[in-house]
Amino acid sequence: MIGSPQNKAAGPLLDVQDLRTYFPVKQGVLRHTVGHIRAVDRVSFQVNAGQTLGLVGESGCGKSTVARTILRLVPATSGTARFDGQDIFAANKPALKKLRRQMQIIFQDPVGSLNPRMTIGQIVGEPILVHKLASRGDLPKRVASLLQRVGLSPDHASRYPHEFSGGQRQRIGIARALALEPRFIVCDEPVSALDVSIQSQILNLLSDLKEQLGLSYLFIAHNLAVVEHFCDRVAVMYLGKIVETADRDRLYASPKHPYTKALLSAVPQPKPGHAKQRVLLPGEVPSPMNPPTGCAFHPRCPLTRERALGASISDTASRQTVELTVLGKRVQVMRRCVEETPPLEPAEDEPRHCVACWFSEEAE
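Residues numbered from 1 in each chain as written. Predicted model: local features only at pLDDT ≥ 70, side-chain atom pairs only at ≥ 80, totals over all residues. Heavy atoms only, no water.

A look at the overall build of the chain
Part 1 of the reasoning: The number of helices and strands found in the chain is 13 helices and 14 strands.
Part 2 of the reasoning: Relative to its length of 364 residues, the chain is compact, with a C-alpha radius of gyration of 23 Å against a globular reference of 21 Å.
Part 3 of the reasoning: Its C-alpha atoms give the chain principal-axis dimensions of roughly 80 × 60 × 40 Å.
Part 4 of the reasoning: A fraction of 65% describes how many contacts in the chain between residues 6 or more apart in sequence connect residues 24 or more apart.
Part 5 of the reasoning: For the chain, the accessible area works out to roughly 18100 Å², and carbon and sulfur atoms hold 50% of it.
Part 6 of the reasoning: Placing the 45 positive and 35 negative side-chain charges of the chain at their respective mean positions leaves the two points 7 Å apart. (Helix = DSSP H or I, 4+ residues; strand = E, 2+ residues; numbered from the N terminus. Rg over C-alpha atoms; globule rule 2.2 N^0.38 Å. Contact = heavy atoms within 4.5 Å. Areas by Shrake-Rupley, 256 points an atom, 1.4 Å probe, with all protein chains shown as cover. Lys, Arg positive; Asp, Glu negative; His and termini not counted. Charge placed at Lys NZ, Arg CZ, Asp CG, Glu CD.)

Focus: the packing of helix α3 (residues 120–130) against helix α4 (residues 139–149)
Part 1 of the reasoning: Relative to each other, α3 and α4 sit at 110°, their axes nearing to 9 Å. As the angle between them shows, α3 and α4 are arranged roughly perpendicular. Between α3 and α4 lies a crossing whose hand is right-handed. Facing α3, whose interface residues are Ile 120, Gly 121, Val 124, Gly 125, Ile 128 and Leu 129, α4 presents Leu 139, Arg 142, Val 143, Leu 146 and Leu 147. (Axes fitted to C-alpha atoms, helices over the stretch in contact; angles between N-to-C directions. Parallel < 35°, antiparallel > 145°, perpendicular 65-115°, else oblique. Left-handed = near helix turned anticlockwise from the far one by under 90°.)

Quick look at the pattern of salt bridges
When the charged atoms of two side chains lie near each other, side chains of opposite charge can form a pair.
Part 1 of the reasoning: Applying the stated rule across the entire model yields 15 salt bridges.
Part 2 of the reasoning: Arg 233 serves as the salt-bridge partner of Asp 247, at 2.9 Å between the closest nitrogen and oxygen. Of this pair, Asp 247 sits in strand β10 (residues 241–247) while Arg 233 sits in strand β9 (residues 233–238), and the two are 14 residues apart along the sequence.
Part 3 of the reasoning: On the accessibility criterion, Asp 247 (27% relative accessible area) is partly exposed.
Part 4 of the reasoning: Put simply, Asp 247 and Arg 352 hold a salt bridge, and the shortest N to O gap is 2.5 Å. Placement of the pair is Asp 247 in strand β10 and Arg 352 in strand β14 (residues 350–355), with a sequence separation of 105 residues. (Salt bridge = Lys/Arg side-chain N within 4 Å of Asp/Glu carboxyl O. Buried < 20%, exposed > 50% of the residue type's maximum accessible area, 1.4 Å probe, protein only.)

Points about the pairing of strand β12 (residues 329–334)
Across a regular strand the side chains alternate sides, sitting on one face of the sheet and then on the other.
Part 1 of the reasoning: Across 6 bridges, strand β11 (residues 321–326) lies against β12 in antiparallel orientation. Counted as the bridge partner of Val 326 is Lys 329 from β12.
Part 2 of the reasoning: The turn joining β11 and β12, which pair antiparallel and follow one another in sequence, is formed by 2 residues; a positive phi near 55° is taken by Leu 327. (Pairing = 2+ DSSP bridges.)

What about the sheet that holds strand β5 (residues 86–87)?
Part 1 of the reasoning: Strand order in this open sheet of 4 strands is β2-β1-β4-β5, and the pairing throughout is antiparallel. Of all strands in the sheet, those with a lone pairing partner are β2 (32–48) and β5, marking the two edges.
Part 2 of the reasoning: Judged from the 5 bridges that link them, strand β1 (residues 12–27) and strand β4 (residues 78–83) form a sheet pairing that is antiparallel. Opposite Gln 17, over in β4, you have Thr 80 as the bridge partner.

Right, dumping it as structure tokens:
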């Protein structure tokens, strides 16, 4: 019931294993498939009951596709996703409808996610009617309660989305997500389109709802400062793969993957005189249609170049390194990074801190 904490499951609430989501690329009059965009490529993670997992990375790395695949808004190519032990991808229509009550989403765009032809009462009340959680006579009372919970007035139910500000529209989206009393909510960059002054209000609202209702979140964001404030655990994505996962404090205090270090170096420091040294990565993110072999990050990785520079003085350098062209320059990188894909494995000093990098331990 809305207002009462949900019971927490003993195991992972959401368990995703080896998830892949490929989109076909078609050309020609007959629309032949000439390749695939590997938006999500062998992603695995877990979200426990009452936990917030932050999913971060550059635009186009596959964060939103992961979320939409889990919710079956886009089809998965392979892999499994289980919610409270139930296989999401194997669920038929009746079973999927029941799962919809447990898993909801807050979209990034507070304007485009609301139907401009429906009143706020209709938007928030529609899922309640579809799932038959209340009669039409009781619906206005349920909608009023939801609007009050997210900081809006019950009188707003008769208005249309264009009459509200961006922050108010996002509150309406949150109310809609709460309408079915879910246990798990995907927050797909819920504050990135809002003013800075409004972002903190929405984050505080989401945090309060988590405590009051026992919710679990998958929180997708670009802003690592927001993730540090809001999330319990963080997963870093690059080109469709998770390259590092750790508890929040551990990741921010001791990042191991060079990509994570580059992201954290770009976080603005609030105190004057405490600016971090920026880690600038060469080149651009490769195309997910034709990703690099081996470690996908190797064309931009400073660590593999440092290792190759050290290996170049040895007699076995020709067997250990390979030459690549990056931004028109020939550079040496470690052959292993080009030929072998590093698995996401626990660090030696912390089993809950996992990294996909061949030389991260040597770099510490």
